[in-house]
Every structure is written in C-alpha cells, then in structure tokens.
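# Notes for the structure review
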Amino acid sequence: MEFGIKSGSATSIKSACVVVGVFEGRKLTPSAQALDEASGGQISQILKRGDLEGKCGQTLLLPALPGITAERVLLVGLGQARELDLKGWKKAHAEAVGALLERGAGDAAFCLLEAFPRGMDMAEALRLAVLAVDERDYRFDQFKRDKNGKRALKRVNFIAGRKEARELEEPLRQAEAIAGGIRLTKDLANMPGNVCTPSYLADEARRLASLYTTIHTEVLDQSAMEQLGMGALLAVARGSSQPPRFIVLEYRQGPEDGKPVVLVGKGVTFDSGGISLKPGEKMDEMKYDMSGAASVLGIFAACAEMRLPVNLVGLIPTVENMPSGHALKPGDIVTSLSGQTIEVLNTDAEGRLILCDALTYAERYKPEAVVDMATLTGACVIALARFPSGLLGNHRPLVQALLKAGEKSGDRAWELPLWDDYQDLLKSNFADMANIGGREGGAITAASFLARFTKNYPWAHLDIAGTAWNSGDKKGATGRPLPLIMTWLMEKAAQG
Ligand code: BES
Ligand code: MN
Ligand code: ZN
C-alpha cells in the first residue's frame, strides 16, 4: 500500500473514490457538504431516504455524482460528533477500506482529517489512520495458491489543507515505517512453525542488518551459549532437533554514548509444552509463541526505516519446545546464566526459562531500561481477556510511560502488581526457585520469576499472550505491541 498527502478540495480530486465523513444525525462534514453542494444536493437527498444515519463505521458507496471529479463517493459514518474517539477513528478508516476493497477501487482520497477526534493532534490522527488502513488491507496469503485476485487498493491519499499537508509529510513517513514494522511482525508470527524456526528468525535478523546499515546483528549458536552458561535456555532447547539461537541486534542512532534501551522478545517458535505436553485443542496457535521475537524485529525495522534517533539493543532467545528422549523433564534442576538454580516443575513454563538468561545477558549493556515482550501466560488472558497486554515492572516512571504510550496508541496495557508477597509462591525444596508458582496469579508469578533476574536495571514486562494474535475465524497475528513500543520510543526520541 502506498500513502500520500494531498491538498485540494473534495469536489475536484481526481481519484477512483473520494471518502468523506457523515456524523450521526446525518450531519455532513465540510468535505461532504462541499460534495453535496457541487452535486446539487444529491448527498442530502440520499441521506434523507435513510440509507445512512452516520453511525460510526457505517459506509455507503455512491456511483459518480455530477459536478464531482472523483469516480465514486464513499460516505463513512463517524458517530456522534462529540463522541468520536481513537477507537471510532480507527474503525471508520478500517470500514472504509473494507468497502473499497469489496468494490475494487484502485485508489482513494480520504477527506476525514478535518474531523479528527479531540484529545489528539492531527499528526497523531494521521498516524492512527495509516495504521488502521494498513491493518485492514493486510493479508497473509503466501501459502495460498489462490490469492483472491490482485490487491485492489493500491494507494491512499489523505487530503489536508496546504499548510497542514506540508506539516504532515514527516508524520506520514513515520506512520509508513511503523506500518511496515507491523507487517513484518505479523508475517513472521503468522509463518508456520515448520518454516519459522530459530534459525529462520536468525536469518531474518541478518536480513535486516543487510537491508539497513544502521542495524547490526550477531547470532550466538549452541556452543557459544554453552560457553556463556545459558543453562536455562539450553535446557528448553534440548528436546527439539531444531538448534537454538540467541540473536543480538544493535541500532545506535541516539546520543553518542547514551545508554541503550534493551528490548527482549520471547522466541519460542513452537510451544508443544514439552514433556508437560499441552492438550491438543488450539495447539496450532503455539506457533505464535515467538510473537515477542517478531515484535523486536518489527521494531528494529520501523526504527531504522524512520531513522529514529534512539539507542536500541534487541535480544531474542529462540528455541522450539518439544518432547523427546532428550527433553527437559519435570523435576530437573538447571543453572541459569545468573548462577541461580531453577527446579523445573513444569516444562510448559519454558518462556521464563529462556527469558531469564536473556535478561541476565542484558546487564552487559548497562541499559537505561529493559522491556521484554512475551506470550508468557494463559493466566494473563484469563485475568485481562484479550484487550490489554499485561504490564509489570520494577520502575514506576518506566511503567507509567509505557501505560501512557499504550493509551495514546490505542494499543493498551494494564498494570498488574509485582509485590514481594508473590515471591513466596516460587519456593523450591531443592533449588533456588521453582519455575512455576501454582494456579493462582499465574501472570504475576511468571513476572515475579523474571524479576529475580532484573534487579540491576529499570525493567518492564509485557505479557502479550492475549494481544499478539486473534483466535477464531479472525485467526492471525495483530502486530501488538508495536504501536505501544513505537509510540514510547518516539516520545523518548523527542525528549532527546
Ligand atoms: N506460551 C505459553 C503461554 C500461552 C498460553 C500463551 C496460551 C497464549 C495462550 C506458555 O509457555 C505457557 O505454556 N505457560 C503456561 C504456564 C504454566 C505451565 C505455569 C500456561 O500459561 O499455562
Ligand atoms: Mn509453554
Ligand atoms: Zn510458551
């Protein structure tokens, strides 16, 4: 999808389709008003007949109207004018794209920026619009022979005033970079486990380094990890014939000698549960257990594409969790990179075992902050459903900044407590800790486990088990938490 900004009036745009907004109560936005006047009142006549009330996301496609240069007009409901919010704004754009794809319009001119919601500025509104459009247009059909025809909608132009159009060029480029990162994250996460293995993710990280001179990639193989002493990570990998990888990415475009932000992504390319085998239902979805890793790669691509002035390190511990004669067993005790020993009471709690070694490795970068992203617990989905990501951390300002970025981007997180009380639940009779804390508070005990490895820097953990992909007939990766993290990083870059 290509995006552009143009100035001009809705009536004289040359496009396959001009998109204008209608508020509830059939109230026309200025562009809709202009089209109505140019066409001799055709739009108000159609609305009077009751074909569109203006409920948010309603659409009505009209064929060519007299006095208008665009070949078609798409009316989009924006809901009550005072109530239009971020969610409605995204919905209106997504539904508009849905209608355009259905009709096969090759390009469209969106005249909705004149009606962007309160509480945000026009640049933010544009970024959200781009992401909503790109999201609705996304398909993962690499493995389908029949690709449902050629992609119809090739270009979307946003219409703005002359001065605004100039000011929006930069936000548009940024939004396109984020959209590209989200696509990459989704593609990787949607990729089946037989293709997307730990080595595949490593190749992908190397590909980014060859695509962008600002990204540097280093990949540690099994023997390098053995030498370091990543005993927890290696224990998980043992059951699989796919060799593990530890991927390190660096992007240093921020202040020279500035401490980096370290992003850690869980990269379990398939989580069968191991010897503590998962039940069969929906087990296919465990190909998504590398969504955190995919997010790290997407974030690096987006930052490099927009040349964001930040210092970033990405760490991706990646393994396949399988049962076999070599596999890790319940009761086994492993020694982590930190030296702390772990009694493995459940081999399905593998995410924390690979993350703990990555979190210890992060110390060598003397990070300003470490944020890990992991599809860590089913318990997080039980606690919060699939709307927010779970957020826990050991540093108030970091947690607050991430919560705020979540609100601003519409990719929200919700904080869970990380009190010391929970540490008791991880006691082991035979090692320094157990890898599970029992049925209660599973998302919190998982984070409490990680907290034992993150004492030396500000750290936050995003449990994205409920947000990284959709189940059911809309099954597919969501690209979350890219919008949240990118918003946070851009805010950081702006603060210098
Ligand atoms: N990858 C899963 C978490 C998960 C489960 C994500 C369902 C999305 C949907 C993780 O490795 C896991 O299996 N966690 C266990 C932990 C338990 C054994 C303490 C879980 O959540 O059941
Ligand atoms: Mn598991
Ligand atoms: Zn897992």
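Model, not experiment: these values are computed from the prediction.

Turning next to the side chain of Asp 463. When you line up the elements, Asp 463 lands in strand β19 (residues 459-463). One buried charged residue, Asp 463, remains without a salt bridge, the closest side chain of opposite sign being Arg 352 at 7.5 Å. Within the structure, the side chain of Asp 463 is placed 3.2 Å from the backbone nitrogen of Leu 376, a separation counted as a polar contact. A distance of 3.1 Å separates a polar side-chain atom of Asp 463 from the backbone nitrogen of Ala 465. Here Asp 463 is in contact with Ala 374, Thr 375, Leu 376, Thr 377, Cys 380, Ser 389, Gly 390 and Ala 443, once residues within four sequence places are set aside.

Turning our eyes to something else, we now look at the environment of Leu 208. Mapped onto the secondary structure, Leu 208 falls in helix α7 (residues 198-211). We classify Leu 208 as buried; its relative accessible area is 1%. A C-alpha to C-alpha distance of 6.9 Å links Leu 208 and Ala 301, two positions 93 residues apart in sequence. Beyond its immediate sequence surroundings of up to four residues, Leu 208 is in contact with Leu 184, Ile 215, Leu 297, Phe 300 and Ala 301.

Attention now goes to the nonpolar core. Judged by nonpolar contacts, the single largest core of 65 residues is most densely connected at Ile 299, Leu 312 and Ile 485. Top contributing element to this core by residue count: helix α10 (residues 291-306), with eleven residues. Ranked by size, the runner-up nonpolar core spans 42 residues in total, among them Met 230, Ile 354, Ala 358 and Ala 374.

Let's shift gears to the coordination of the manganese ion (ligand 2). Around a metal, the idealised angle for a tetrahedral arrangement of four donor atoms is 109.5 degrees; for an octahedral arrangement of six donor atoms it is 90 or 180 degrees. At the metal site, the manganese ion (ligand 2) is ligated by Asp 271 (OD), Asp 348 (O), Asp 348 (OD) and Glu 350 (OE), and these contacts range over 2.0 to 2.2 Å. Because the angles between the six donor atoms bound to the manganese ion (ligand 2) fall within 70 to 167°, the donor set is best described as irregular. In the primary structure, the donors to the manganese ion (ligand 2) are separated according to the pattern D-x76-D-x1-E. Separating the manganese ion (ligand 2) from the zinc ion (ligand 3) is a distance of 3.2 Å, and Asp 271 supplies a donor atom to each of them. In this pair, Asp 271 is assigned in strand β11 (residues 267-271) and Asp 348 in the loop between β14 (341-343) and α11 (351-361), connecting sequence segments 77 residues apart.

On to the site of ligand 1. In the vicinity of ligand 1 lie 16 residues, with Asp 271, Lys 278, Asp 348, Glu 350 and Gly 378 positioned nearest. Within the side chain of Lys 278, a nitrogen or oxygen atom sits 2.8 Å from an oxygen atom of ligand 1. Between ligand 1 and the protein, one listed contact pairs an oxygen atom with a backbone N or O atom of Gly 378 at 2.7 Å. Protein contact buries 78% of the 510 Å² of open area that ligand 1 shows by itself. Residues of the shell around ligand 1, tallied by class, amount to five nonpolar, four polar and seven charged.

A separate point is the domain arrangement of the chain. Interface size is often expressed as the accessible area that is lost when the parts come together. Taken as a whole, the chain is organised into domain 1 (2-160) and domain 2 (176-495). Here the C-alpha centre of domain 2 lies 37 Å away from the C-alpha centre of domain 1. Every contact between the two is made by 15 residues of domain 1 and, on the other side, 17 residues of domain 2. Here domain 1 and domain 2 share an interface that buries about 1,400 Å² over both sides, 58% of which is from carbon and sulfur atoms. Of all residues in domain 1, Leu 131, Tyr 138 and Phe 140 give up the largest surface area on contact with domain 2, accounting jointly for 37% of the area buried on that side. Where domain 1 meets domain 2, there are five residue pairs in polar contact (both at pLDDT 80 or more). Looking at the side of domain 1 that touches domain 2, the elements with two or more residues in it are α3 (86-103) and α4 (122-137). Considering every element that reaches the side of domain 1 that touches domain 2, the biggest residue donor is α4, with eight residues.

This part is about empty space enclosed by the protein. In this structure the tally under the stated criterion is two cavities of 30 Å³ or more. Counted as a void, the largest cavity has a volume near 50 Å³. Surrounding the largest cavity, Leu 131, Asp 134, Glu 135, Tyr 138, Ala 179, Ile 182, Arg 183 and Lys 186 form its lining. Every element with two or more residues in the lining of the largest cavity is listed here: α4 and α6 (169-190). When residues of the lining of the largest cavity are assigned to their parent elements, the largest contribution, four residues, is made by α6. Each of domain 1 (2-160) and domain 2 (176-495) gives at least three residues to the lining of the largest cavity. Roughly 40 Å³ of volume is contained in the second largest cavity. Around the second largest cavity, the lining residues are Ala 235, Val 236, Gly 239, Gly 274, Ile 275, Asn 321, Met 322, Ala 327, Leu 328 and Thr 347. Grouping the amino acids of the lining of the second largest cavity by side-chain chemistry returns six nonpolar, four polar and no charged.

Thresholds, definitions, all that
Residues numbered from 1 in each chain as written. Chains lettered and ligands numbered in written order. Predicted model: local features only at pLDDT ≥ 70, side-chain atom pairs only at ≥ 80, totals over all residues. Heavy atoms only, no water. Helix = DSSP H or I, 4+ residues; strand = E, 2+ residues; numbered from the N terminus. Buried < 20%, exposed > 50% of the residue type's maximum accessible area, 1.4 Å probe, protein only. Lys, Arg positive; Asp, Glu negative; His and termini not counted. Salt bridge = Lys/Arg side-chain N within 4 Å of Asp/Glu carboxyl O. Polar contact = N/O pair within 3.5 Å; in protein donor to acceptor, adjacent residues only side chain to side chain. Contact = heavy atoms within 4.5 Å. Core = buried A, V, L, I, M, F, W, Y, C linked by side-chain atoms within 4.5 Å. Donors = N, O, S within 2.8 Å, 3.2 Å for Na, K, Ca; no water. Tetrahedral: all angles 85-135°; square planar, octahedral: opposite > 155°, others 65-115°. Near = heavy atom within 4 Å. Areas by Shrake-Rupley, 256 points an atom, 1.4 Å probe, with all protein chains shown as cover. Nonpolar A, V, L, I, M, F, W, Y, C, P; charged D, E, K, R; others polar. Domains from an automatic or database assignment. Buried area = accessible area lost by both parts, 1.4 Å probe. 1 Å grid on protein atoms, 1.4 Å probe; cavity = no way out; pocket = protein on both sides within 12 Å on 5 of 7 lines; lining within 4 Å. Points joined across faces, edges and corners; volume = space filled by probe spheres on them.

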